[in-house]
Amino acid sequence: MYWYFALVGLVALERVAELVVSRRNLAWSLARGGVVSGQGHYLPMVVLHVGLLLACVLEVGLGDRPFVPWFGWSMVALVLAAQALRWWCITALGPRWNTQVVVVPGLPLVRTGPYRLPWLPHPNYVAVAVEGLALPLVHGAWVTALAFTGLNAALMVVRIRCESTALSAATA
């Protein structure tokens with residue numbers, strides 16, 4: 001069980017790294033006239049993501065959830081794949097990637113990395129969804145997996161609408 005807590009801790013450190021990159025990229029975008037949109041859903045998103053990590057630890061620790069090797073290791077593989085996809089997205093977007101919706105007017109849409117795949121319109125959000133389902137399931141935290149997945153789906157509807165509106169306004 002303690003190795004699982006370490007895994008969740010490593011994901012938390014990855015989130016801190018994202019915030020560092022995001023803050024640097026926000027400064028870059030604002031210096032070029034970037035416009036921040038959708039701040040109303042940002043705090044609920046942060047709370048949801050922090051809640052995911054806390055709930056993983058609490059459900060496994062207090063609920064005495066078992067580790068089922070054949071299933072747990074396949075979920076670890078999905079968590080790692082989600083991390084790889086997330087950082088591919090971050091790399092492809094470069095300084096334009098952010099945890100907030102920030103659009104620099106006049107810049108063309110990114111069509112490299114996973115953003116060149118027409119069948120995967122929101123690859124970063126796919127990474128979030130896969131990780132949010134797989135991380136709790138590594139150690140049998142199925143309540144957390146279901147709760148995060150449902151809440152994240154609702155939040156992504158809002159987020160994707162906001163992002164689409166912001167991008168449309170900037171490219172019009």
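Everything below is about the structure shown above.
Since we're looking at a predicted model, the values are computed, not measured.

Rules used throughout
Residues numbered from 1 in each chain as written. Predicted model: local features only at pLDDT ≥ 70, side-chain atom pairs only at ≥ 80, totals over all residues. Heavy atoms only, no water. Helix = DSSP H or I, 4+ residues; strand = E, 2+ residues; numbered from the N terminus. Rg over C-alpha atoms; globule rule 2.2 N^0.38 Å. Contact = heavy atoms within 4.5 Å. Areas by Shrake-Rupley, 256 points an atom, 1.4 Å probe, with all protein chains shown as cover. Phe/Tyr/Trp six-rings, centres within 6.5 Å; stacked < 30°, edge-to-face > 60°. Buried < 20%, exposed > 50% of the residue type's maximum accessible area, 1.4 Å probe, protein only. Core = buried A, V, L, I, M, F, W, Y, C linked by side-chain atoms within 4.5 Å. Polar contact = N/O pair within 3.5 Å; in protein donor to acceptor, adjacent residues only side chain to side chain. Salt bridge = Lys/Arg side-chain N within 4 Å of Asp/Glu carboxyl O. Axes fitted to C-alpha atoms, helices over the stretch in contact; angles between N-to-C directions. Parallel < 35°, antiparallel > 145°, perpendicular 65-115°, else oblique. Left-handed = near helix turned anticlockwise from the far one by under 90°. Nonpolar A, V, L, I, M, F, W, Y, C, P; charged D, E, K, R; others polar.

Asker: Honestly, the overall build of the chain in this entry has me stumped. Any pointers?
Answerer: When helices and strands are tallied, the chain shows five helices and two strands. Tracing the chain from N to C terminus, the helices and strands come up as α-β-α-α-β-α-α. What you see for the chain is a C-alpha radius of gyration of 17 Å, in line with the 16 Å of a compact globule of 172 residues. Taking the principal axes of its C-alpha atoms as reference, the chain extends roughly 55 × 30 × 25 Å. In the chain, of all internal contacts separated by at least 6 residues, the share reaching a separation of at least 24 is 85%. For the chain, the exposed surface amounts to about 9,100 Å²; the carbon and sulfur share of it is 74%.

Asker: Could you clarify how one ought to interpret the packing of aromatic side chains in this entry?
Answerer: A ring pair, where both rings are aromatic, is described by two values, the distance of the centres and the angle of the planes. Inspection of the entire model under this criterion finds seven aromatic pairs. Aromatic side chains Tyr2 and Phe5 sit 5.9 Å apart centroid to centroid with 80 degrees between the ring planes, which places their arrangement in the edge-to-face category. Taken together, the positions of Tyr2 and Phe5, both in helix H1 (residues 2–31) and three residues apart, correspond to about one turn of that helix. Owing to a relative accessible area of 23%, Phe5 belongs among the partly exposed residues under this scheme. Plain terms: the ring middles of Trp3 and Phe67 are 5.1 Å apart, the flat faces sit at 90 degrees to each other, and that makes the pair edge-to-face. Here Trp3 is found in helix H1, whereas its partner Phe67 is found in the loop between helix H2 (39–63) and helix H3 (69–93), with 64 residues between them in sequence. A relative accessible area of 35% places Trp3 in the partly exposed class. Given the relative accessible area of 23%, Phe67 is considered partly exposed. Aromatic ring contacts, followed pair by pair, group Tyr2, Trp3, Tyr4, Phe5, Phe67 and Trp73 into a single cluster.

Asker: Explain the nonpolar core to me, please; I cannot follow it from the model alone.
Answerer: One finds Tyr4, Leu7, Val8, Cys56, Val79, Leu135 and Val138 to be the most contacted residues of the largest nonpolar core, which totals 25 residues. Elements with a minimum of two residues in this core: H1, H2, H3, helix H4 (123–137) and helix H5 (142–171). Ranked by the residues each element gives to this core, the list is headed by H2, at seven residues. If we skip the residues at most four places from it in the chain, Val79 touches Val11, Ala134, Leu135 and Val138. Ile90, Ala92, Trp97 and Val110 belong to the second-largest nonpolar core, a separate cluster that totals ten residues.

Asker: How do you make sense of the side chain of Asn25 when you look at a structure like this?
Answerer: Within the secondary structure, Asn25 sits in helix H1. One polar contact links the side chain of Asn25 to the main-chain carbonyl oxygen of Gly94, over a distance of 3.3 Å. The residues contacting Asn25, other than those within four sequence positions of it, are Gly94, Pro95, Trp97 and Asn98.

Asker: I'm lost on the pattern of salt bridges in this one. Help?
Answerer: Pairs can form between side chains of opposite charge once their charged atoms are near each other. Applying the stated criterion to the full structure yields seven salt bridges. The residue Arg15 makes a salt bridge to Glu18 at a minimum N-O spacing of 3.9 Å. Of this pair, Arg15 and Glu18 are both found in helix H1, three residues apart, which corresponds to roughly one turn of the helix. Across the salt bridge formed by Arg86 and Glu18, the nearest N and O atoms sit 3.0 Å from each other. Linking Arg86 in helix H3 with Glu18 in helix H1, this pair joins segments that are 68 residues apart in sequence. For the pair Arg86 and Glu18, a shared accessibility class is recorded, and that class is buried.

Asker: Help me understand the packing of H2 against H4, please; the structure alone is not making it clear to me.
Answerer: Helix packing geometry: the angle between the two helix axes and the distance between the axes. Axis separation between H2 and H4 bottoms out at 10 Å; the angle between their running directions is 20 degrees. As summarised for this structure, H2 and H4 are arranged roughly parallel, according to the angle between their axes. Classified by chirality, the crossing of H4 by H2 is left-handed. Residues His49, Leu52, Leu53 and Cys56 of H2 pack against Val128, Gly132, Leu135 and Pro136 of H4. Of the residues assigned to the contact of H2 with H4, the class counts are six nonpolar, two polar and no charged.

By themselves these figures say nothing about function.
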